[in-house]
Amino acid sequence: MNRLAGQAQADAEAVAPVVAQVAGRAVLLIPHRSDAADEGALPGDYRKILAIVREADGPVQVRAVGERLGLDASVRGKLEPLRAKMTKLADRGWLHKRPDGRFTARP
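As a starting point, this report considers the structure included with it. In this convention, every chain numbers its residues from 1, walking through the sequence in written order. At least 70 in pLDDT is required for a residue's local features to be given in this predicted model, at least 80 for side-chain atom pairs to be given and counted, and no such filter applies to totals for whole chains, interfaces and linings, which use all residues. No hydrogens and no water enter the side-chain calculation; it runs on all heavy atoms of the structure.

### Describing the overall build of the protein
Part 1 of the argument: Counting from the N terminus, the helices are the DSSP runs of H or I reaching at least four residues and the strands are the DSSP runs of E reaching at least two. Along the backbone of the protein there are four helices and four strands.
Part 2 of the argument: Its helices and strands taken in sequence order, the protein reads α-β-β-α-α-α-β-β from the N to the C terminus.
Part 3 of the argument: Exposure is judged per residue with a 1.4 Å probe applied to protein chains only, and the accessible area is read against the type maximum: over 50% gives exposed, under 20% gives buried, and values in between give partly exposed. In the protein, which comprises 107 residues, the share counted as buried stands at 26%.
Part 4 of the argument: Whether two residues are in contact is decided by their heavy atoms, any of which lying within 4.5 Å being enough. Restricting the contact set of the protein to residue pairs at least 6 apart, pairs at least 24 apart contribute 44%.

And the structure:
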């Protein structure tokens, strides 16, 4: 039960906006697409994810992105942090998450 409660909390935190203090102001580390001038406002690992999805011919699965990033895709636990990052990018308008769980780049 403790493991499930911890996983539920981790899932909730992965979706919650990450806020940091910059010059005394609270700012999102992953800004909404409409708030950012370009993708240069994203941290480096998020820019890599975005580039991989844009290079793909069509919708991509988290596993394919993980393999391109050099993650061990055979272990599901290694992909969950990546899935959370991709979902965060989708929630902020950088990617589109399809109902089948695959991701595409927004035009």
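Alright, that's what it looks like, and here's the rest.
### Some details on the nonpolar core
Where a protein is soluble and globular, its nonpolar side chains tend to be buried together.
Part 1 of the argument: Only buried residues count toward a nonpolar core, which is a set of Ala, Val, Leu, Ile, Met, Phe, Trp, Tyr and Cys residues joined through side-chain atoms within 4.5 Å. One finds Leu 42, Val 65, Leu 82, Met 86, Leu 89, Leu 95 and Phe 103 to be the most contacted residues of the largest nonpolar core, which totals 19 residues.
Part 2 of the argument: Elements represented by at least two residues in this core include exactly α2 (44–55), α3 (62–68) and α4 (76–91).

### Some remarks on the packing of α2 against α4
Part 1 of the argument: Here the axes come from fitting lines to C-alpha atoms, over the contacting stretch only for helices, and the angles between their N-to-C directions go from 0 to 180 degrees. In the contact formed by α2 and α4, the axes pass within 11 Å of each other and the chain directions differ by 80°. With respect to each other, α2 and α4 are oriented roughly perpendicular. Where α2 abuts α4, its residues Asp 45, Tyr 46, Ile 49 and Val 53 lie against Leu 82, Lys 85, Met 86, Lys 88 and Leu 89.
Part 2 of the argument: Across the contact of α2 with α4, the residue classes break down as six nonpolar, no polar and three charged. Orientation categories follow fixed angle ranges, with anything under 35 degrees roughly parallel, anything over 145 roughly antiparallel, 65 to 115 roughly perpendicular, and all other angles oblique. The residue classification treats Ala, Val, Leu, Ile, Met, Phe, Trp, Tyr, Cys and Pro as nonpolar and Asp, Glu, Lys and Arg as charged. All others, Gly included, are polar.

### Focus on the pattern of salt bridges
Part 1 of the argument: For salt bridges, the criterion is a side-chain nitrogen of Lys or Arg within 4 Å of an Asp or Glu carboxyl oxygen. Inspection of every chain in the model, using the stated rule, returns five salt bridges.
Part 2 of the argument: Its salt-bridge partner being Glu 80, residue Arg 83 comes within 3.4 Å of it at the nearest N-O pair. One end of the pair is Arg 83 and the other is Glu 80, both in helix α4 and three residues apart, which spans about a single turn.
Part 3 of the argument: Judged by its relative accessible area of 27%, Arg 83 falls in the partly exposed class.
Part 4 of the argument: Of the charged contacts, one joins Arg 102 and Asp 100 as a salt bridge, the two residues approaching to 2.8 Å between their closest N and O atoms.
Part 5 of the argument: We classify Arg 102 as partly exposed; its relative accessible area is 26%.
Part 6 of the argument: Through salt bridges with shared partners, a single ionic network connects Arg 98, Asp 100 and Arg 102.

### A closer look at the packing of aromatic side chains
Part 1 of the argument: Under the pairing criterion, centres of Phe, Tyr and Trp rings, with the six-membered ring standing for Trp, must be within 6.5 Å; the plane angle then separates stacked pairs below 30 degrees from edge-to-face pairs above 60, leaving the rest tilted. One pass over the structure, following the stated rule, counts zero aromatic pairs.
Part 2 of the argument: Over a ring means this: the NZ of a Lys or the CZ of an Arg is within 6 Å of the ring centre and within 35 degrees of the ring normal. Across the ring face of Tyr 46, the terminal group of Lys 85 is positioned such that the distance to the ring centre comes to 5.6 Å.

### Quick notes on the side chain of Thr 87
Part 1 of the argument: Mapping Thr 87 onto the fold places it in helix α4.
Part 2 of the argument: According to the relative accessible area criterion, Thr 87 is buried, its value standing at 15%.

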